[in-house]
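# Structure at a glance
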Amino acid sequence: MSAGCCQQNEHSCVSCCGLFNLNVGENQERARRIRQSILMERTRGFAGVDLDEPEEILAFRSNQEHKEAGIERHDPETYVCPFLGYVSLEGRMGCMLHPRVTGRPRLQNHSFYGHSICQAYDCVNKDAPDAVAYSEVLTHFFPAHHEHYARLMADHAFYRLFAVKSDFWEVMADLLRESREQKDYNVSFNNNVQYARRALRFFLLLRLATNASAAMTSFEILMHSFQTPRTAIDLQQVFGVSLMHPVGYSERLTRCLLRFERLQTSVKLRHNLVASESGNPHAEQ
Ligand code: SF4
Ligand code: SF4
């Protein structure tokens with residue numbers, strides 16, 4: 001786990017450290033409480049470890065791995081790292097061995113992956129063109145929901161569904177930022193902003209309600225399904241809409257996405273107009 005979208009102010013992703021690979025049941029609220037208690041146990045246990053004693057660090061790892069071994073994994077091949085805990089008083093999740101937490105550059109070598117992998121790993125989303133804009137959108141909608149941020153930040157199927165047009169998240173982040181700043185927009189633009197805010201929030205919550213979103217590890221191999229422009233099949237996969245669902249549901253979602261595309265075009269036109277009126281030489285022609 002490295003910086004950037006992985007850590008956004010008090011939000012952190014941490015999905016590649018395996019937390020959501022622990023299968024702690026389908027009741028999402030109960031599962032969240034269990035994950036919290038696991039993180040708290042790790043954090044308290046690690047607080048007693050002498051960082052100058054490598055044997056103590058390794059003993060912590062092996063004890064904690066042993067304690068958590070009885071918890072089923074969504075994906076048995078994906079490792080769950082016990083060094084993930086709370087790294088701020090506000091409850092930010094993060095790597096307890098990270099150089100910025102410990103002030104020591106190489107302690108992650110006591111972990112399963114080792115320092116180089118932990119520092120260099122970039123998931124599909126983090127590498128994506130609009131990654132920062134996407135993470136800004138998530139913090140906008142979930143200022144206080146750390147797990148929501150983590151599960152959605154690593155969720156490349158969800159990201160990709162909207163990013164078929166490559167600057168979708170950029171436009172959305174601008175739109176949310178500028179509506180917050182109460183710029184001088186006309187009535188129809190404001191209506192669009194309100195629509196976009198409501199619709200996007202709806203999609204985010206719908207995705208969070210799915211079982212796939214609750215088991216996010218960042219290693220999901222679903223990209224083959226998203227090589228072509230979005231289809232009803234993409235929608236069914238991402239939102240868990242079954243083929244048995246009442247006819248018309250995925251059509252409604254599709255219409256919603258198409259309306260987003262029209263909104264995207266109108267927002268870009270508006271931006272270019274504002275930029276050219278203010279003499280911005282970067283305004284698109
Ligand atoms: S899953 Fe991606 S965004 Fe999340 S912590 Fe790992 S590298 Fe960062
Ligand atoms: S050592 Fe830290 S960064 Fe590496 S997997 Fe464990 S918690 Fe994540």
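Read on for an overview of the structure.

Rules used in this analysis
Just so you know, the residues in each chain are numbered from 1, in the order the chain's sequence is written. Starting at A for chains and at 1 for ligands, labels are handed out in the order in which the entities are written. For this predicted model, a pLDDT threshold of at least 70 governs which residues receive local features, and a threshold of 80 or more governs which side-chain atom pairs are given and counted, while totals over whole chains, interfaces and linings are taken from all residues. Under the DSSP-based scheme used, a helix requires at least four consecutive residues in state H or I and a strand at least two consecutive residues in state E, with every element numbered from the N terminus. Partly exposed residues are those whose C-beta has more than 12 but fewer than 20 other C-beta atoms within 10 Å; 20 or more makes a residue buried and 12 or fewer makes it exposed, with C-beta atoms placed from the backbone. Angular values range over 0 to 180 degrees, each being the angle between N-to-C directions of two axes fitted as lines to C-alpha atoms, with helices fitted over their stretch in contact. For classification, angles of less than 35 degrees are called roughly parallel, those exceeding 145 degrees roughly antiparallel, those between 65 and 115 degrees roughly perpendicular, and all remaining angles oblique. Here is the rule for handedness: rotate from the far helix to the near one, and if that takes an anticlockwise turn smaller than a right angle the crossing is left-handed, while a clockwise turn gives right-handed. In this description, a residue-residue contact is defined by the distance between C-beta atoms placed from the backbone, which must lie within 7 Å. Gly falls in the polar group here, along with every residue not listed as nonpolar (Ala, Val, Leu, Ile, Met, Phe, Trp, Tyr, Cys, Pro) or charged (Asp, Glu, Lys, Arg). In this entry, near means the residue's backbone-placed C-beta atom lies within 6 Å of the molecule or strand. Only buried residues count toward a nonpolar core: Ala, Val, Leu, Ile, Met, Phe, Trp, Tyr and Cys, linked into one set through C-beta atoms within 7 Å. Domain segmentation is taken from an automatic or database assignment of domains.

### Describing the overall build of the protein chain
If you tally the helices and strands in the protein chain, you get eleven helices and four strands. For the protein chain, buried positions account for 32% of its 285 residues.

### A few points about the packing of helix 1 (residues 28–47) against helix 2 (residues 54–68)
The contact between helix 1 and helix 2 brings their axes to 11 Å, and the two run at 155°. Considering the angle they form, helix 1 stands roughly antiparallel to helix 2. Along this stretch, helix 1 crosses helix 2, giving a crossing that reads as right-handed. Side by side, helix 1 and helix 2 meet where I38, R42, G45 and F46 of the first sit next to F60, Q64 and E68 of the second. Looking at the contact of helix 1 with helix 2 residue by residue, the class counts come to three nonpolar, two polar and two charged.

### A short note on the packing of helix 5 (residues 131–141) against helix 8 (residues 168–180)
At a minimum axis separation of 8 Å, helix 5 and helix 8 run at an interaxial angle of 40°. Relative to helix 8, the element helix 5 is oriented oblique. Considering how the two elements wind past one another, helix 5 and helix 8 form a crossing that is left-handed. Residue-level contacts link A133, Y134, E136, V137 and H140 of helix 5 to W169, E170, M172, A173 and L176 of helix 8.

### As for unusual backbone geometry
Its identity as a non-glycine residue notwithstanding, V14 has a phi of 65°, on the positive side. Among the secondary structure elements, V14 is positioned in the loop between strand 2 (11–12) and helix 1.

### A few points about the site of ligand 2
Taken together, the neighbourhood of ligand 2 is formed by eleven residues, with C17, C81, C95, S111 and C118 sitting nearest. Looking at the shell around ligand 2 residue by residue, the class counts come to nine nonpolar, two polar and no charged.

### Things to note about the nonpolar core
Counting 52 residues, the largest nonpolar core has C13, L84, M153, W169 and M172 as the members making the most contacts within it. When residues of this core are traced back to their parent elements, those giving at least two are strand 3 (84–86), strand 4 (93–95), helix 5, helix 6 (146–153), helix 7 (156–162), helix 8 and helix 10 (232–239). Two domains each provide a minimum of three residues to this core, namely domain 1 (4–120) and domain 2 (131–277). Beyond its immediate sequence surroundings of up to four residues, M153 is in contact with C5, C13, S15, N125, S135 and L138.

### Concerning the environment of I38
Of note, I38 is situated in helix 1. Judged by local crowding, I38 falls into the buried class, with 21 C-beta atoms found within 10 Å. Along the sequence, I38 and L84 sit 46 residues apart, while their C-alpha atoms lie 9.7 Å from each other.

### Details of the site of ligand 1
Around ligand 1, the structure places 15 residues, and the nearest of them are C6, C13, C16, C123 and S218. Of the residues belonging to the shell around ligand 1, the class tally is ten nonpolar, three polar and two charged. Lining the shell around ligand 1 are residues from two domains, each supplying at least three of them: domain 1 (4–120) and domain 2 (131–277).

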